Amino acid sequence: MAERFRPDLRWSDVTPRDAWLSRRRLIAAGGAAAGIALAAPAAARIEAAPSRWSTDERQNSFEDITRYNNFYEFGTGKEDPAANAHRLTTDPWAVVIDGLVDRPGTYDLADVLAGQPMEERIYRLRCVEAWSMVVPWIGFELAGLLSRVGVQPSAKYVAFQTLLRPEEMVGQRSRMIDWPYVEGLRLDEAMHPLTILATGLYGEPMPNQNGAPIRLVVPWKYGFKSIKSIVRISLTADEPPCTWNVLQPGEYGFYANVNPEVDHPRWSQATERRIGDGLLARRRPTLMFNGYAEHVAGLYAGMDLARYY
Ligand SMILES: Nc1nc2c(c(=O)[nH]1)N[C@H]1C(S)=C(S)[C@@H](COP(=O)(O)O)O[C@H]1N2
Ligand SMILES: [Mo]
């Protein structure tokens with residue numbers, strides 16, 4: 001597969017989605033032959049191995065996950081992405097990987113995915129607006145992709161960029177955000193095994209409103225760090241700009257770790273509303289690092305989390 005992962009594709013070389021879907025099914029079939037337990041195959045479903053990183057909490061319904069979204073490229077209302085994201089063309093799709101890497105280039109999505117072990121990862125997602133969901137993502141560890149392109153020793157951060165295409169992303173016609181949406185992680189956060197790139201959920205290709213065809217998921221951080229519809233991943237020496245931090249630095253920091261002890265300046269972060277529980281249901285206590293503290297607290301040892309929020 002290594003020879004397929006080649007830089008400097010022309011746009012016309014980018015593989016149509018059908019090709020990478022069927023290739024992924026072939027890869028999954030190989031996994032089944034190797035004895036990995038897989039769910040019963042159904043038409044058009046993506047096969048993925050279960051993961052030890054998954055929560056056993058009750059999953060939100062497919063309807064909750066796909067009808068209540070934040071994706072400002074399609075409008076600021078929670079139901080706007082479900083109404084507008086069908087306009088997005090996700091095939092073909094290319095991802096630029098550049099900056100401080102050994103093999104920079106423009107990669108066909110199929111080549112980004114080739115050889116990456118697909119897993120189902122059931123994660124809590126905690127939005128900064130104090131609601132949460134439990135989502136069965138399909139994805140693979142970002143670390144696997146980064147090691148494949150060869151991270152240079154001078155790289156300290158990873159910057160991500162969303163597609164800029166106002167013809168299809170109606171929200172980009174408004175200037176409230178300096179598009180494209182950008183996000184970033186420290187390199188050790190990006191390399192952590194909990195950090196995944198997701199290409200589907202509930203066993204199906206990623207719905208457009210959830211960030212098709214490929215989005216980041218960083219479960220111990222507020223949802224806005226989990227950038228959708230990624231077209232560029234850059235390794236950098238300096239802390240990259242992040243959309244919400246640039247827009248309102250007093251409210252949204254670079255780290256954005258879920259922290260019930262540090263309130264947002266305009267509301268408490270101590271509790272959250274689980275989508276699907278109903279408006280009258282009891283709020284749930286928000287957990288430090290969204291419940292992933294035992295795995296990630298060490299990344300921030302010695303840091304004042306009220307200052308680096
Ligand atoms: N490009 C882009 N990515 C984005 C956003 C956005 O507006 N644009 N919203 C973020 C926020 S605030 C949240 S809570 C999550 C929501 O992901 P979901 O709609 O799949 O639940 O996406 C994040 N990724
Ligand atoms: Mo969010």
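Residues numbered from 1 in each chain as written. Chains lettered and ligands numbered in written order. Predicted model: local features only at pLDDT ≥ 70, side-chain atom pairs only at ≥ 80, totals over all residues. Heavy atoms only, no water.

**Student:** Please give an account of the pattern of salt bridges that cites residues and values.
**Tutor:** The full count for this structure, using the stated rule, is 15 salt bridges. We note a salt bridge from Arg-124 to Glu-57, for which the minimum N-O separation is 2.5 Å. Of this pair, Arg-124 sits in strand 3 (residues 119-126) while Glu-57 sits in the loop between helix 1 (17-33) and helix 2 (62-67), and the two are 67 residues apart along the sequence. The salt bridge involving Glu-141 is made with Arg-121; its shortest N-O contact spans 2.7 Å. Here Glu-141 is found in strand 4 (residues 131-141), whereas its partner Arg-121 is found in strand 3, with 20 residues between them in sequence. (Salt bridge = Lys/Arg side-chain N within 4 Å of Asp/Glu carboxyl O. Helix = DSSP H or I, 4+ residues; strand = E, 2+ residues; numbered from the N terminus.)

**Student:** Let's hear about empty space enclosed by the protein: which residues, and what values?
**Tutor:** Per the counting criterion, the structure on display carries one cavity of 30 Å³ or more. Approximately 50 Å³ is the volume attributed to the largest cavity. Along its surface, the largest cavity is lined by Arg-124, Leu-125, Arg-126, Trp-137, Val-217, Val-218, Pro-219, Lys-221, Tyr-222, Gly-223 and Ser-226. Considering each element in turn, the lining of the largest cavity owes the most residues, three residues, to strand 3. Within the lining of the largest cavity, the residues separate by chemical class into six nonpolar, two polar and three charged. (1 Å grid on protein atoms, 1.4 Å probe; cavity = no way out; pocket = protein on both sides within 12 Å on 5 of 7 lines; lining within 4 Å. Points joined across faces, edges and corners; volume = space filled by probe spheres on them. Nonpolar A, V, L, I, M, F, W, Y, C, P; charged D, E, K, R; others polar.)

**Student:** Any chance you could break down the layout of surface pockets for me, citing the residues and the numbers?
**Tutor:** By volume, the largest pocket amounts to about 500 Å³. Forming the walls of the largest pocket are 29 residues, and the residues nearest its centre are Asn-70, Phe-71, Cys-127, Gly-223 and Phe-224.

**Student:** So what about the packing of aromatic side chains? Which residues, and what values?
**Tutor:** For the structure on display, the rule yields twelve aromatic pairs. With centroids separated by 5.1 Å and ring planes inclined at 85 degrees, the aromatic side chains of Tyr-68 and Trp-131 adopt a geometry described as edge-to-face. A residue pair is termed long-range when its members are at least 10 positions apart, and Tyr-68 in the loop between helix 2 and helix 3 (80-84) and Trp-131 in strand 4 qualify at 63 residues. Taking relative accessible area as the criterion, Tyr-68 reaches 21% and is therefore assigned partly exposed. (Phe/Tyr/Trp six-rings, centres within 6.5 Å; stacked < 30°, edge-to-face > 60°. Buried < 20%, exposed > 50% of the residue type's maximum accessible area, 1.4 Å probe, protein only.)

**Student:** Please set out the pairing of strand 10 (residues 230-236) residue by residue, giving values where relevant.
**Tutor:** Burial runs high along strand 10: five of the seven residues are buried. As judged from the four bridges shared by strand 1 (residues 94-99) and strand 10, these two strands associate in the parallel manner. Within strand 10, the residue paired with Gly-99 across the bridge is Leu-235. Here strand 5 (residues 157-162) runs beside strand 10; their pairing, made up of six bridges, is antiparallel. Each bridged residue has a counterpart across the sheet, and for Gln-161 the counterpart in strand 10 is Arg-232. (Pairing = 2+ DSSP bridges.)

**Student:** So what's going on with the environment of Met-303? Residues and values would help.
**Tutor:** Checked against the element boundaries, Met-303 lands in the segment after helix 8 (293-296). Sequence-distant contacts of Met-303, defined by excluding residues within four places in its chain, comprise Arg-186, Tyr-255 and Tyr-308. (Contact = heavy atoms within 4.5 Å.)

**Student:** Talk me through the sheet that holds strand 1; I want residue IDs and the actual numbers.
**Tutor:** Overall, mixed pairing links the five strands, which are arranged 2-1-10-5-6 in an open sheet. This sheet does not close on itself; its edge strands, each paired only once, are strand 2 (105-108) and strand 6 (182-186). The average undirected angle you get between the axes of adjacent strands in this sheet is 20 degrees. (Axes fitted to C-alpha atoms, helices over the stretch in contact; angles between N-to-C directions.)

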